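Residue-level listing of the chains:
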Amino acid sequence: LGADRWGTLAELAPTLQGRNVLAVVDRRLVSLHPSIGRVLSDTATVTVVGGERAKSFAVLERVLAAGGALPRSGTMLAIGGGTVGDLATVAAHLLKRGVALIHVPTTLLAAVDSSLGGKGAIHVRGVKNAAGVFHFPVATWLCEELFATLSSRQRAEGAVEAYKMAACLDARAWRRWRQAPPATTAMVFEARALKSAVCRRDPYERGDARRLLNFGHSFGHVFESLTRFRLPHGAAVCLGILCALDVGRRLGVTPEPVARDVEAGFGELWRASGSRQAPRAALAHIIGGNSAGAIATLLAADKKAGPSGELRMVLLERLGRARVEPVPTKLWRSSLGKWRRGDR
Ligand SMILES: NC(=O)c1ccc[n+]([C@@H]2O[C@H](COP(=O)([O-])OP(=O)(O)OC[C@H]3O[C@@H](n4cnc5c(N)ncnc54)[C@H](O)[C@@H]3O)[C@@H](O)[C@H]2O)c1
Ligand SMILES: [Zn+2]
């Protein structure tokens, strides 16, 4: 999974000396943190505009072209949020059939989740993460100084992924975090411990262990695609979790008190992200504006689908315990009507 290094950019800099490095950096970070420019003054650098558009063939091609002179013994350094990290992961996997990769996650979401576990992907014709790779980093630098410029909205989006892990894997962490939200360092540390334990057991998602991390992502990815990525990933997962809770309720997998507690927890994160609409209203709005056919097409691209394309979702059995469960088409289609009306 690569080593976790907690430190500063100043401490990272000397470790790059003598290596052939290509840095892929979120452009916004360069202006927000002048220290990045200083650290990379002698390093080949390609800047990209962070955001879902970075996860495209066009931007990938630009990074691959910039990496043409990088030898196979070279290193790619990804400095940015989850989108830059996912893009750089694909590029590092392809360049010279694989160069070393170092992540410097700059969003809370990237620190708790996307920089760990080796997954990278780009979108194909609007379908979220349709083409991807596993390519594990040699190291991840957690430079907390970079988190200082994150807005409360960006922090809430990162917290969604951390709370997702607690809900599915660790009931005690969930209860503790519900009582008192953890400080950033503690959240990153605990979420990474939870995720790395799962990834060590099932690094290439061959079984169900790693799939459990996709709680809320079947519908979450659909909502990102339907809104043409205007809905940020963390917010989309928040709404996707409501759908997973409702499907779990209807299949008798998720007990009502658990569903209510988890819905309240993610409702708080949703509000912390500054959205004016209530989560159920936002869900009704997105589903109401799209046909069941469009939703079915996007759901069919879900990577958890069974052999004949049937939907399989991560459902919560109780706090800290989830399982992957086939979901009959009739059930999720009839749920669409309820969600459209703002019901569960
Ligand atoms: N590979 C995985 O295992 C995995 C896991 C979870 C999510 N993801 C992916 O991660 C992506 C979402 O990541 P994200 O939320 O980090 O998105 P992002 O990379 O788009 O970052 C969000 C915004 O924050 C800005 N930003 C980055 N660092 C900043 C900083 N320090 N201060 C101020 N602004 C900063 C970016 O420019 C961008 O506008 C999605 O594409 C999702 O699919 C991947
Ligand atoms: Zn996610």
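Quick note: structure is the one above.
Quick caveat, the model's predicted, so the values are computed rather than measured.

## Comments concerning the coordination of the zinc ion (ligand 2)
Then, in step 1: Here the zinc ion (ligand 2) is held by Glu161 (OE), His217 (NE2) and His233 (NE2), and the distances to it run 1.9 to 2.1 Å.
Then, in step 2: Its relative accessible area of 2% is what places Glu161 among the buried residues.

## Here we look at the sheet that holds strand S8 (residues 139-142)
Then, in step 1: A sheet is described by the order of its strands in space; here six strands give the open sequence S1-S8-S5-S4-S2-S3, paired in parallel fashion. Sheet topology places strand S1 (3-6) and strand S3 (44-48) at the edges, where each strand pairs with a single neighbour. The sheet shows a mean angle of 20° between the axes of neighbouring strands, taken without regard to direction.
Then, in step 2: Examined bridge by bridge, strand S2 (residues 21-26) and strand S4 (residues 75-80) share five bridges and lie parallel to one another. The residue bridging Ala23 from the neighbouring strand is Leu77, located in S4.
Then, in step 3: Each of S2, S4, strand S5 (100-105) and S8 touches helix H1 (residues 9-16); the most contacted strand, S8, lies at about 150° to it.
Then, in step 4: Across the sheet, helix H9 (residues 184-201) lies against S1 and S8, angled at about 170° from S1, the strand it touches most.

## Examining unusual backbone geometry
Then, in step 1: Positive phi outside glycine occurs at Lys96, with the angle close to 55°.
Then, in step 2: Relative to the assigned elements, Lys96 resides in the loop between helix H5 (82-94) and S5.
Then, in step 3: On the basis of relative accessible area, Lys96 is assigned to the partly exposed category, the value being 33%.
Then, in step 4: Within the chain, Arg228 stands out as a residue other than glycine whose phi angle is a positive 50°.
Then, in step 5: Checked against the element boundaries, Arg228 lands in the loop between helix H10 (217-226) and helix H11 (233-250).

## Considerations on the site of ligand 1
Then, in step 1: As a structural note, the neighbourhood of ligand 1 is formed by 26 residues, with Asp26, Gly82, Thr83, Thr106 and Thr107 the closest of them.
Then, in step 2: Lys119 places a polar main-chain atom, nitrogen or oxygen, 2.9 Å from a nitrogen atom of ligand 1.
Then, in step 3: Here a nitrogen atom of ligand 1 sits 2.8 Å away from a polar atom, N or O, in the side chain of Thr149.
Then, in step 4: For ligand 1, whose accessible area on its own is 870 Å², the fraction buried by protein is 90%.
Then, in step 5: Those elements that provide at least two residues to the shell around ligand 1 are helix H2 (27-32), H5, helix H6 (108-114), strand S7 (127-134) and helix H7 (152-169).
Then, in step 6: Grouping the constituent residues of the shell around ligand 1 by class yields five nonpolar, 11 polar and 10 charged.

Rules used in this analysis
- Residues numbered from 1 in each chain as written.
- Chains lettered and ligands numbered in written order.
- Predicted model: local features only at pLDDT ≥ 70, side-chain atom pairs only at ≥ 80, totals over all residues.
- Heavy atoms only, no water.
- Donors = N, O, S within 2.8 Å, 3.2 Å for Na, K, Ca; no water.
- Buried < 20%, exposed > 50% of the residue type's maximum accessible area, 1.4 Å probe, protein only.
- Pairing = 2+ DSSP bridges.
- Helix = DSSP H or I, 4+ residues; strand = E, 2+ residues; numbered from the N terminus.
- Axes fitted to C-alpha atoms, helices over the stretch in contact; angles between N-to-C directions.
- Contact = heavy atoms within 4.5 Å.
- Near = heavy atom within 4 Å.
- Polar contact = N/O pair within 3.5 Å; in protein donor to acceptor, adjacent residues only side chain to side chain.
- Areas by Shrake-Rupley, 256 points an atom, 1.4 Å probe, with all protein chains shown as cover.
- Nonpolar A, V, L, I, M, F, W, Y, C, P; charged D, E, K, R; others polar.

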